[in-house]
Amino acid sequence: TSWTRPTVMGAPGPSGPLRPSTVSKTAPLSKSNRRRGGGGGRKRTKAVQRPRDDKGKAMKDKDAERSFLAEVQRKAQKRNLEEDNYNFETPVDEHHARALFKQLLEQSGVSNSSTWLEAMKLSCGDPRYLTLLPKYGQRKDAFLAFIAQERKKSREREAESIRATRDNFLLLLNERLKDEKEGLRSLKDCSDSLVSAIEKDPRFTSLPEAERRPFLQSYFQNRDRITRERKRQESKT
C-alpha cells in the first residue's frame, strides 16, 4: 500500500556428581554483578530536551508530541519532501496495529530505558507513527507495553547469563575434583598445580571474586554430604 506522510495538525542427589540446579541456588550473584549484566541490563537512550512554549514553560507530553511532529513537517517541507511513499503492512485491527507500533519503536532505536518523551522524538518522523495508532492515548499505551515487554526480556537474559556462569563454574569443579581424595574442605586442601589449573580456567574467572567463596563453600559441603551418604548406603549392602 502506498502511503502519504500525514499532515500535522496544530503544532545435587544422594549419589553422583553435583548438579548445576542445586549448588547454583546457594550462591546468589551480588548486586554489582547484576548491574554489570552479562547480556542483560537496561540500555540508556540519549536524553531528549523537552520543548518549551512561547512563554518558555516546559510542555507536557502531549504538547511535546505535537511540537516534535511539527518539527518533522517543517523539515520535510524544507527538503521539498512533502509527499513520501512508504510501503508497510496494513493493520487489520488495533491489536495488530499495536504490534506494528511496537515494531516501529524498536526500529526507531527506542530502548528499555527510554522515556515517553524520548520515544516520541525518535519515532514521530516515521509516517507509520500517526497512521497505525491515530490517538495519542493509544500510542502512549503501546509504548508502555513495549517498555514492560523489553524490560522483562532483559531480566530473562540476565538471569540466563547468571545461571550459565554458575553452571559452568560448577562443571569446572566437577571436572577437576572428580578424582580427588575425600574430605576436601576447600581448594587449600588441593595441590598447588590443581589449584593453578582451576584458577586459570576462564570458567573460574567468569564468576566474580566476591561470589566464589560462598559458592566454593557450598560446593565442598555438598561434596562431603554426598560422600557420607554414599558410604551410608554402601554399609547397608
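Rules used throughout
Residues numbered from 1 in each chain as written. Predicted model: local features only at pLDDT ≥ 70, side-chain atom pairs only at ≥ 80, totals over all residues. Heavy atoms only, no water. pLDDT = per-residue confidence, 0-100. Contact = heavy atoms within 4.5 Å. Salt bridge = Lys/Arg side-chain N within 4 Å of Asp/Glu carboxyl O. Helix = DSSP H or I, 4+ residues; strand = E, 2+ residues; numbered from the N terminus. Buried < 20%, exposed > 50% of the residue type's maximum accessible area, 1.4 Å probe, protein only. Arc of directions from axis to C-beta. 1 Å grid on protein atoms, 1.4 Å probe; cavity = no way out; pocket = protein on both sides within 12 Å on 5 of 7 lines; lining within 4 Å. Points joined across faces, edges and corners; volume = space filled by probe spheres on them. Core = buried A, V, L, I, M, F, W, Y, C linked by side-chain atoms within 4.5 Å. Expected span 1.5 Å × (residues − 1).

Novice: Can you walk me through the confidence of the model for the protein chain in this structure?
Specialist: Any segment with low pLDDT has predicted coordinates that should not be analysed in fine detail. Across the protein chain, pLDDT averages 81, with 75% of residues at or above 70. Across residues 1-15 the pLDDT falls below 50, and counting only partners more than four positions away or on other chains, this stretch makes 48 contacts in the model. Here residues 20-40 is modelled with pLDDT under 50, and outside its nearest four sequence neighbours on either side it reaches 37 contacts, counting other chains as well.

Novice: How should I be thinking about the pattern of salt bridges in this particular structure?
Specialist: Pairing between side chains of opposite charge can happen when the charged atoms of each approach one another. For the structure on display, the rule yields 16 salt bridges. Here K140 ties to D61 by a salt bridge, and the two come within 3.8 Å at their closest N and O atoms. Highlighted residues: K140 in helix α7 (residues 136-177) and D61 in helix α3 (residues 61-78), separated in sequence by 79 residues. The salt bridge involving D63 is made with R66; its shortest N-O contact spans 2.7 Å. Here D63 pairs with R66, and both are found in helix α3, just 3 residues apart, close to one helical turn.

Novice: I tried to follow helix α8 (residues 192-200) on my own but got confused; where do I start?
Specialist: Every α-helix winds through 3.6 residues per turn, so residues three or four apart in the chain are directed the same way. Buried within α8 are the following residues: L194, V195 and I198. Seen from one end, α8 has its buried residues packed into an arc of 100°, which puts them on one side. Opposite the buried face of α8, by more than 90 degrees, sit the exposed residues D192, S193 and K200. The elements touched by buried residues of α8 are α7 and α9 (202-205).

Novice: Explain the layout of surface pockets here, please?
Specialist: Picture a little ball the size of a water molecule; that probe, rolled over the atoms, points out where space is still empty. Within this model, the largest pocket holds a volume of roughly 330 Å³. Along its surface, the largest pocket is lined by R185, S186, L187, K188, E199, F204, E209, R212, R213, L216, Q217 and F220. Among the elements that make up the lining of the largest pocket, the one with the highest residue count is helix α10 (residues 209-236) (6 residues).

Novice: Looking at this structure, how should I read the nonpolar core?
Specialist: Where a protein is soluble and globular, its nonpolar side chains tend to be buried together. F101, L105, W116, M120, Y129 and F143 are the most contacted members of the largest nonpolar core, which totals 24 residues. Residue assignment for this core shows that the elements contributing at least two residues are α3, α4 (94-107), α5 (116-123), α6 (128-132) and α7. When neighbours within four sequence positions are excluded, F143 is seen to be in contact with L105, V110, S114, T115, W116 and A119. One finds L170, L184, L187 and Y219 within the second-largest nonpolar core, a separate group that totals 17 residues.

Novice: I would appreciate a short explanation of α4 in the present structure.
Specialist: For α4, with 14 residues, the first-to-last C-alpha span of 20 Å sits near the 20 Å given by 1.5 Å per residue. Among the residues making up α4, those that are buried are H96, A97, L100, F101, K102, L104 and L105. Looking at the packing, one finds that the buried side of α4 touches α5, α6 and α7. In the segment just after α4, G109 is the residue with positive phi, at about 95°.

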